[in-house]
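Structure assessment
Residue strings, one per chain:
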Amino acid sequence: MSAPSATSIPNYIAGTWDIDATHSVIGFSVRHMMVSKVKGRFDQFAGEIVTAENLEDSSVTTTIDATSIDTGNEQRDGHIKSADFFEVETHPEWTFRSTAITAKGDDLVLAGDLTIKGATKPVELDLEVNGFGPDAWGGTRVGFTATTTINRSDFGVDISLPLDGGGVVVSEKVGIELEIQGVLRTS
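Residues numbered from 1 in each chain as written. Predicted model: local features only at pLDDT ≥ 70, side-chain atom pairs only at ≥ 80, totals over all residues. Heavy atoms only, no water.

1. Looking at the overall build of the protein chain
Scanning the protein chain from N- to C-terminus turns up one helix and 11 strands. Each helix (α) and strand (β) of the protein chain, taken in turn from the N terminus, gives the series β-β-β-β-β-β-α-β-β-β-β-β. The buried share among the 187 residues of the protein chain stands at 42%. Contacts spanning at least 24 positions in sequence make up 59% of the contacts within the protein chain whose residues lie at least 6 apart. As displayed, the protein chain has an accessible area near 10200 Å², and 50% of this comes from carbon and sulfur atoms. (Helix = DSSP H or I, 4+ residues; strand = E, 2+ residues; numbered from the N terminus. Buried < 20%, exposed > 50% of the residue type's maximum accessible area, 1.4 Å probe, protein only. Contact = heavy atoms within 4.5 Å. Areas by Shrake-Rupley, 256 points an atom, 1.4 Å probe, with all protein chains shown as cover.)

And the structure:
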């Protein structure tokens, strides 16, 4: 089997799509205390997806409101927003801008520049095209799943919290999980 192309994806539609934040999730997980993972998400974000006639010419731009972080615990959220971690008073907005979509074996990879806390680094996300189709309101939708792992220190989130018995309170590796729905622009 070869990597998907625009012609091999059922019902593929070239167009410009607005990310529907109500039906999308930008989430993350990070190992905590060396024993489990804490999950969270960002509640406010926006973006544009362009699906081109040639899939490799498609693009994504996204803006994330870093102040909208939600881990299910207000005290932890406050600490994560502080200068110890994300410093949201100074860096309230993060961005992602794609630079390429390429085939990797049978899969797709979305490459781009991620900016967190003013630091921009290249990242690659494993990308799955979930489908294209009509919605209940007379519009057209598209769905994607994308995942990657980043190192938080690469983005200036370099707090060190060692545990007495070895290890750290918060892992360097952060898993990113995206479930994105887009709505086709009609004008």
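Following the structure, the description resumes.
2. Comments concerning the nonpolar core
Considering soluble globular proteins, one finds that nonpolar side chains tend to be buried as a cluster. Counting 40 residues, the largest nonpolar core has Phe42, Phe86 and Ile150 as its most contacted members. Tallying contributions element by element places strand β9 (residues 119-134) first for this core, with five residues. Excluding residues within four positions of it along the chain, Phe42 makes contact with Ile26, Phe28, Ile64, Asp65, Ala66, Ser68, Ile69, Phe86 and Trp94. (Core = buried A, V, L, I, M, F, W, Y, C linked by side-chain atoms within 4.5 Å.)

3. Some points on the pairing of strand β8 (residues 107-116)
When you tally the buried positions in β8, you get eight out of 10 residues, the bulk of the element. As defined by bridge partners, strand β7 (residues 93-104) adjoins β8 across nine bridges and the pair is classed as antiparallel. For Ala100, the partnering residue across the bridge sits in β8 and is Ala111. Between the antiparallel neighbours β7 and β8 lie two residues, among them Gly105 with a positive phi of about 65 degrees. Sheet analysis places β8 next to β9, joined by nine bridges and oriented antiparallel. (Pairing = 2+ DSSP bridges.)

4. Some points on the pattern of salt bridges
Side chains that differ in charge, positive against negative, can pair when their charged atoms come close. This model, assessed by the stated rule, comprises seven salt bridges. A salt bridge links Arg41 to Asp70; its shortest N-O distance comes to 3.1 Å. Within this pair, whereas Arg41 is found in strand β3 (residues 36-42), its partner Asp70 is found in strand β6 (residues 69-70), the two being separated by 29 residues in sequence. In this structure, the salt-bridge partner of Asp135 is Arg141, at a minimum N-O distance of 3.0 Å. Judged by its relative accessible area of 17%, Asp135 falls in the buried class. Because the salt bridges share partners, they merge into one network encompassing Asp18, Glu48 and Arg185. (Salt bridge = Lys/Arg side-chain N within 4 Å of Asp/Glu carboxyl O.)

5. Some thoughts on the environment of Ser68
Considering the arrangement of structural elements, one finds Ser68 in the loop between β5 (59-65) and β6. Those residues in contact with Ser68, other than ones at most four positions away along the chain, are Arg41, Phe42, Asp43 and Gln44. At 2.7 Å, the side chain of Ser68 forms a polar contact with the backbone oxygen of Asp65. (Polar contact = N/O pair within 3.5 Å; in protein donor to acceptor, adjacent residues only side chain to side chain.)

6. Focus on the pairing of strand β4 (residues 45-51)
Of the two faces of β4, the one holding Phe45, Gly47, Ile49 and Thr51 is buried and the one holding Ala46, Glu48 and Val50 is not buried anywhere. Judged from the six bridges that link them, β4 and β5 form a sheet pairing that is antiparallel. The partner of Gly47 across the bridge, within β5, is Thr62.

7. Digging into a negative patch on the surface
A contiguous patch of negative charge, built from Asp106, Asp107, Glu124, Asp126, Glu128 and Glu179, is present on the exposed surface. With three residues, β9 is the single largest residue contributor to the negative patch. On the secondary structure map, Glu124 appears in strand β9. (Patch = residues over 30% accessible without salt bridge, like charges linked within 9 Å, V, L, I, M, F, W, Y side chains within 5 Å. Lys, Arg positive; Asp, Glu negative; His and termini not counted. Charge placed at Lys NZ, Arg CZ, Asp CG, Glu CD.)

So, to be careful, I would describe these as geometric facts and stop short of saying anything about function.
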